[in-house]
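Survey of secondary and tertiary structure
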Amino acid sequence: MAKANEIKYLTAIKADNRPKKYCRFKKMGIRYVDYKDADFLKKFLNEQGKLLPRRLTGNSLKFQRKVSEAVKKARQMAILPYVTDLLK
Amino acid sequence: MGINNFLNFKTGKMSNYELMVIFTPVLSEEDFKAAQKKYETLVVENGGSVTHTKPWGLKSLAYPIAKKTTGLYWVMEYSAPTSFNEKLKIQLLRDESAMRHMFTVLDKYAVEYNDRKRSGVQHFSSEKAGV
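**Considerations on the overall build of chain B**
In terms of regular secondary structure, chain B is built from five helices and four strands. Along chain B, helices (α) and strands (β) appear in the sequence α-β-α-β-β-α-β-α-α when read from the amino end. Burial status across chain B gives 21% buried among its 131 residues.

**Observations concerning the overall build of chain A**
Of the regular secondary structure elements, chain A holds four helices and zero strands. The C-alpha radius of gyration computed for chain A amounts to 20 Å, which surpasses the reference 12 Å derived for 88 residues by more than 25%, pointing to a less compact arrangement than a globule. Classification of the 88 residues of chain A by burial places 25% in the buried group.

**Regarding the interface of chain B and chain A**
With 19 residues of chain B in contact, the opposing surface of chain A contributes 18 residues. Taken together, the elements giving at least two residues each to the side of chain B that touches chain A come down to strand 1 (14-23), strand 2 (49-65), strand 4 (98-105), helix 4 (108-118) and helix 5 (125-128) of chain B. Considering every element that reaches the side of chain B that touches chain A, the biggest residue donor is strand 2 of chain B, with four residues. Of the residues that constitute the side of chain B that touches chain A, the class distribution is 13 nonpolar, four polar and two charged.

**Some details on the sheet that holds strand 2 of chain B**
Residue and element names in this part refer to chain B. With antiparallel pairing, the four strands of this open sheet are ordered in space as 2-3-1-4. Every interior strand has two partners, whereas the edge strands, strand 2 and strand 4, have only one. Adjacent strand axes in the sheet meet at a mean angle of 20 degrees, parallel and antiparallel pairs treated alike. Pairing of strand 1 with strand 3 (residues 68-81) involves ten bridges; the strand directions are antiparallel. Bridge pairing in strand 3 links Ile22 to Tyr73.

**Some thoughts on the nonpolar core**
In this structure, A:Leu41, A:Ala70, A:Val71, A:Ala74, B:Val21 and B:Ile22 are the most contacted members of the largest nonpolar core, which totals 36 residues. Mapped onto this core, the elements with two or more residues apiece are helix 4 (61-76) of chain A together with strand 1, helix 2 (29-45), strand 3 and helix 3 (84-94) of chain B. Residue contacts for A:Leu41: discarding those within four places in its chain leaves A:Ala70, A:Val71, A:Ala74 and A:Leu80.

**Here's the deal with unusual backbone geometry**
Residue and element names in this part refer to chain B. One non-glycine residue, Ala66, lies in the positive phi region at around 50 degrees. Residue placement: Ala66 occurs in the loop between strand 2 and strand 3. With 10 C-beta atoms packed within 10 Å, Ala66 lands in the exposed category. At Lys67, a position not held by glycine, the phi torsion is positive, near 65 degrees. Mapped onto the fold, Lys67 is located in the loop between strand 2 and strand 3.

**Observations regarding the confidence of the model for chain B**
Averaged over every residue, the pLDDT of chain B is 84; the share at 70 or more is 82%. Scored below 50 in pLDDT, residues 125-131 of chain B makes eleven contacts in the model with residues more than four places away or belonging to other chains.

**Points about the pairing of strand 1 of chain B**
Consecutive residues of a regular strand have side chains that alternate between opposite faces of the sheet. Residues and elements named next belong to chain B. Summarising burial for strand 1: seven of the ten residues are buried, a large majority. As judged from the seven bridges shared by strand 1 and strand 4, these two strands associate in the antiparallel manner. In the sheet register, Glu18 faces strand 4, and the bridge partner there is Thr104.

**Describing the environment of A:Cys23**
Residue and element names in this part refer to chain A. Topologically, Cys23 is positioned in the segment before helix 1 (24-28). Along the backbone, Cys23 and Gly58 are 35 residues apart, and their C-alpha atoms lie at a distance of 5.3 Å. Apart from residues lying up to four places away in sequence, Cys23 is in contact with Gly58, Asn59, Ser60 and Phe63.

Analysis parameters
- Residues numbered from 1 in each chain as written.
- Chains lettered and ligands numbered in written order.
- Predicted model: local features only at pLDDT ≥ 70, side-chain atom pairs only at ≥ 80, totals over all residues.
- Helix = DSSP H or I, 4+ residues; strand = E, 2+ residues; numbered from the N terminus.
- Buried ≥ 20, exposed ≤ 12 C-beta atoms within 10 Å, placed from the backbone.
- Rg over C-alpha atoms; globule rule 2.2 N^0.38 Å.
- Contact = placed C-beta atoms within 7 Å.
- Nonpolar A, V, L, I, M, F, W, Y, C, P; charged D, E, K, R; others polar.
- Pairing = 2+ DSSP bridges.
- Axes fitted to C-alpha atoms, helices over the stretch in contact; angles between N-to-C directions.
- Core = buried A, V, L, I, M, F, W, Y, C linked by C-beta atoms within 7 Å.
- pLDDT = per-residue confidence, 0-100.

This is the structure:
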């Protein structure tokens, strides 16, 4: 005799409904990524100062490219470190 | 890009650039000003025009450059003929007091952004686009 807590589903139920990712540059209408603005660029870096992937930030390819260029420029000019720990 | 540069050279077309220089921190206040003046006049002499200059002053570096942990930052926006940057680069490399420099080509959005930033309107990127 089947117990009440042994109900089986044919398809897995969705655990959570994540909000859809979006490109913040497109949404906010930002068209130039400034390499001089270190605090802004830090949003796209992890704690070691590495660039976060598009998978996590939700940036469109166009702006991910611009962000990466801006970060690389900032690193050259010692505004951002190449390698570090505890950036944030 | 190549053909564009060629056309610009032929017609003497101007482009917008931004130059950032890190001067050595041992420079005195007068020397720092004199160095800025030197590069500004160099731009003007070569048929360019300086849009804006901004000395950031002494700033700590993210990593040591030439065994220094601080540097004097200076940013200059200018428009100049496309062939001018090579000359400026030679001068900067010769300059003992300039530890590092970088040229950036400004597109129309960058110029717009810089104008807005200068006019005192806080760019909305910093606050609103939080993670």
